[in-house]
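Notes for the structure review
So the chains spell out like this:
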Amino acid sequence: MKKRTIWSIAVIMGLSFIMLLFLQLTYIREMANMKKEQFDESVNRALYQASRNLELNETLRYLEKDVQAKERKSGGKSSNNPFSNASNYTTFRMKTKESNPVKVPKAMILINDQNSNNEASRSLQEIVKNRYVYQKALLDEVVMNMLYSASDKPLKERVNFKILDQDIKAELINNGINIPYHFTVTTQDGREVYRCPDYTDEGSEFTYTQVLFRNDPSSKMGVVRVHFPDINSYIYSSIKFMIPSVFFTLILLVTFIITLVIVFRQKRYNEIKNDFVNNMTHELKTPIASISLATQMLNDDSITKNEKMIKHLVGVITDETKRLRFLVEKVLQMSMFDRKKSSFKKKHLDLNEMVETIANSFSLRVEHTGGKINVDIEAVDSSIYVDEVNFQNVIFNLMDNAVKYRKPDEPVSIFLKTWNDDRWLYLSIRDTGKGIKKEDLKKVFEKFYRVSTGNVHDVKGFGLGLAYVKKVVDLHDGDIKVESEYGKGSTFTIKLPVIKDE
C-alpha cells in the first residue's frame with residue numbers, strides 16, 4: 001500500500017475518533033449544565049417555600065397570641081367575648097396556594113350580616129363586594145399590626161432555626177434533592193446570626209440565597225444562605241454512565257495511534273530491508289566476480305601463467321573469500337543477536353593493552369590517508385571482563401567507520417583515550433572525519449540504517465556495523481554514546497563497569 005493511501009486512511013480515522021470524542025465531551029458538558037440548571041431551580045424553589053412557611057408560621061403564632069390576649073382581657077366570659085371559644089371562629093385562607101388556614105372571629109362576619117339585612121334593597125353583587133372588602137380590610141389591619149409588632153424583635157428571636165432547618169430539608173426532598181447541605185442565616189447587611197453545627201466551606205462556591213421576611217423593612221429582613229458540599233457528585237452522578245464510553249473511545253484512539261506508528265515503522269523497516277538486500281547483493285557480487293575471474297584465469301590454458309601470476313590470483317581468491325566470510329558472518333551474528341542465541345566467551349582482559357594493540361595494527365591504514373592514530377592511556381583500573389573477539393570488533397568497526405567516512409582527499413586522524421572513575425571505565429574514539437548530521441545521530445545505532453551520502457556510493461556496507469557495536473556493548477552491561485558536529489568529526493564513548501582486582 002502506498003504511503004499516501006495509508007496517510008489518507010489515517011487522517012480520516014483520526015479525525016473521526018477526535019470528532020467522536022469531542023461530541024461525547026460536548027454531550028457530557030451539556031448534560032451537566034442542564035442538571036445544574038435543574039438543581040438551581042429546585043433549590044431556589046425549595047428555599048422560597050421554606051421562607052414562605054416561616055412567614056406563615058409567624059403570622060399564625062401572633063394571631064393565636066392576639067386571640068389569647070383578648071380572652072384574658074374579657075375575663076374569660078364567653079357570652080360577651082366573641083373570641084371565647086372555637087365556635088366563634090371561622091376559617092379564612094390567605095390568597096396563596098401554600099398558606100395555612102387562618103382563624104378569623106365570626107363576630108367580624110356577623111356585623112357584616114347585620115348590615116346586609118339593613119341593605120336588603122341593594123343588589124346581591126354589591127352585598128358580596130362590600131362583605132369581601134370589609135373582611136379583607138379588617139383582616140389586613142389585624143395582620144399588619146401584628147407583623148409590625150413582630151418585626152421590632154431581633155431576627156434571632158423571630159426565627160426558630162431548628163424548624164427552618166427541617167423546612168429546608170423537607171422542601172428539598174419534595175423537589176427531588178436529598179444530599180447534605182450547610183446553611184447560615186444573616187441580616188440584610190451581612191451580620192451572621194446563625195450557622196448550622198456541622199458547617200464547612202466545602203462547596204461554598206455555589207451558594208444559594210433567599211430573603212426572609214421580604215415584606216418587612218430592609219433593615220429587618222434576613223437572608224438564608226445554603227450550599228452543598230457534594231454538589232459536583234450529585235450533578236455528575238446522572239452522567240457517569242457516559243464516562244466509560246469516553247474512556248473506551250480514548251483507548252481506541254490510543255490503540256489506533258499505536259497501530260499507525262507500527263504500520264509506518266514496519267513500512268520503514270521493509271524499505272530498509274529492501275535496501276539492505278539490494279546493497280548486500282551488490283556487495284556480494286564484487287568478491288564473487290573477482291573469485292570467478294581469478295578461477296577462470298587459472299583454468300584457462302591459453303593464458304601463460306608464471307609463479308608470480310599464480311601467486312597473485314591465489315591472493316585475490318583468498319582476500320575475496322575472507323571478505324565474503326566477513327560479510328556473511330556479520331549478517332549471521334546480527335541474526336543470532338536478534339534470536340538471543342549468541343554466547344560470549346568472556347575473560348579478563350586489560351583495556352589499555354587491547355587499545356594499544358589495535359592502534360598498532362590499524363596504524364598503516366590510517367597513515368595511508370595521511371593521518372595518524374593518537375593514543376592517550378589514562379585509565380588506572382583498566383581490567384574488563386569481555387568477549388575478546390567481539391569487543392575487538394567493536395573497536396575495529398568504530399575505527400573503520402572513521403576511515404570510510406573521512407573527508408574526501410583529506411587525511412583523517414583518530415584519537416583513542418581511556419580513563420576511569422570509581423564505577424566506570426571509559427574508552428573514547430574521536431576522529432576528524434565528516435561528522436554526522438543532527439537528524440542522523442539518533443538513528444545511527446539502528447539496524448540497516450545508513451547515513452545518507454546523497455548520490456555518492458563510494459562507502460560500502462550493510463548498515464549493520466554500528467548496530468553490531470551497540471548490541472555487543474549492551475550485552476557487556478555497558479553503554480555507548482555519540483557526539484558529532486557535521487564537518488568536524490565524531491566522538492564515540494564506550495562505558496563499561498570497572499572490574500576490581502581482588
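Now for a look at the structure at hand. Note that the structure is predicted; figures quoted are calculated from it, not measured. (Residues numbered from 1 in each chain as written. Predicted model: local features only at pLDDT ≥ 70, side-chain atom pairs only at ≥ 80, totals over all residues. Heavy atoms only, no water.)

1. A short note on the pattern of salt bridges
Evaluation of the coordinates by the stated rule reveals 11 salt bridges. Between Asp400 and Lys404 there is a salt bridge, with its nearest N and O atoms 3.7 Å apart. Residue Asp400 and its partner Lys404 are located together in helix H10 (residues 388–404), separated by four residues, close to a single helical turn. Exposure remark for Asp400: the relative accessible area of 17% places this residue in the buried category. Look at Lys404 and you get partly exposed, because its relative accessible area is 28%. Among the charged side chains, a network of salt bridges with common partners joins Arg52, Glu55 and Arg214. (Salt bridge = Lys/Arg side-chain N within 4 Å of Asp/Glu carboxyl O. Helix = DSSP H or I, 4+ residues; strand = E, 2+ residues; numbered from the N terminus. Buried < 20%, exposed > 50% of the residue type's maximum accessible area, 1.4 Å probe, protein only.)

2. A look at the sheet that holds strand S11 (residues 424–431)
Strand order in the open sheet formed by five strands is S8-S10-S11-S13-S12, with mixed pairing between adjacent strands. In this open sheet, the two strands that pair with only one neighbour each are strand S8 (373–377) and strand S12 (479–485). Between one strand axis and the next, the sheet turns through 15 degrees on average, direction left out of account. The sheet contact formed by S11 and strand S13 (residues 489–497) spans seven bridges and is antiparallel. Of the residues in S13, the one forming a bridge with Leu425 is Leu496. Docked against the sheet, helix H9 (residues 351–368) engages S8, strand S10 (414–420) and S11, running at close to 170 degrees with respect to S8. (Pairing = 2+ DSSP bridges. Axes fitted to C-alpha atoms, helices over the stretch in contact; angles between N-to-C directions. Contact = heavy atoms within 4.5 Å.)

3. Here's the deal with the environment of Asp474
As for its placement among the helices and strands, Asp474 is situated in helix H12 (residues 465–475). You can call Asp474 partly exposed: its relative accessible area is 34%. Note: C-alpha distance between Asp474 and Leu496 (22 residues apart in sequence) is 9.4 Å.

4. Things to note about H12
The α-helix winds at 3.6 residues per turn, so residues separated by three or four positions along the chain end up facing the same way. Turning to H12, its buried residues are Gly465, Leu466, Ala467, Tyr468, Val469, Val472 and Val473. Where H12 ends, the next residue or the one after it, Asp477, has phi of about 60 degrees, a positive value.

5. Focus on the sheet that holds strand S3 (residues 182–187)
Spatial ordering of the open sheet is given by S4-S3-S6-S5, a layout of four strands whose pairing is antiparallel. The open sheet is flanked by strand S4 (192–195) and strand S5 (207–212), the only strands paired with a single partner. The average undirected angle you get between the axes of adjacent strands in this sheet is 20 degrees. Looking at chain direction, S3 and S4 are connected through three bridges and run antiparallel. Among the inter-strand pairings, Thr186 is bridged to a residue of S4, identified as Glu192. Of the strands in this sheet, S3, S4 and strand S6 (222–227) touch helix H5 (residues 161–174), which is tilted by about 130 degrees from S3.

6. Digging into the nonpolar core
Counting residues in each nonpolar core, the largest one holds 38 residues, and the members touching the most others are Ile384, Phe391, Leu398, Met399, Ile414 and Ile494. Mapped onto this core, the elements with two or more residues apiece are H9, strand S9 (383–387), H10, S10, S11, H12, S12 and S13. (Core = buried A, V, L, I, M, F, W, Y, C linked by side-chain atoms within 4.5 Å.)

Without other data, these values stay purely geometric and don't point to any function.
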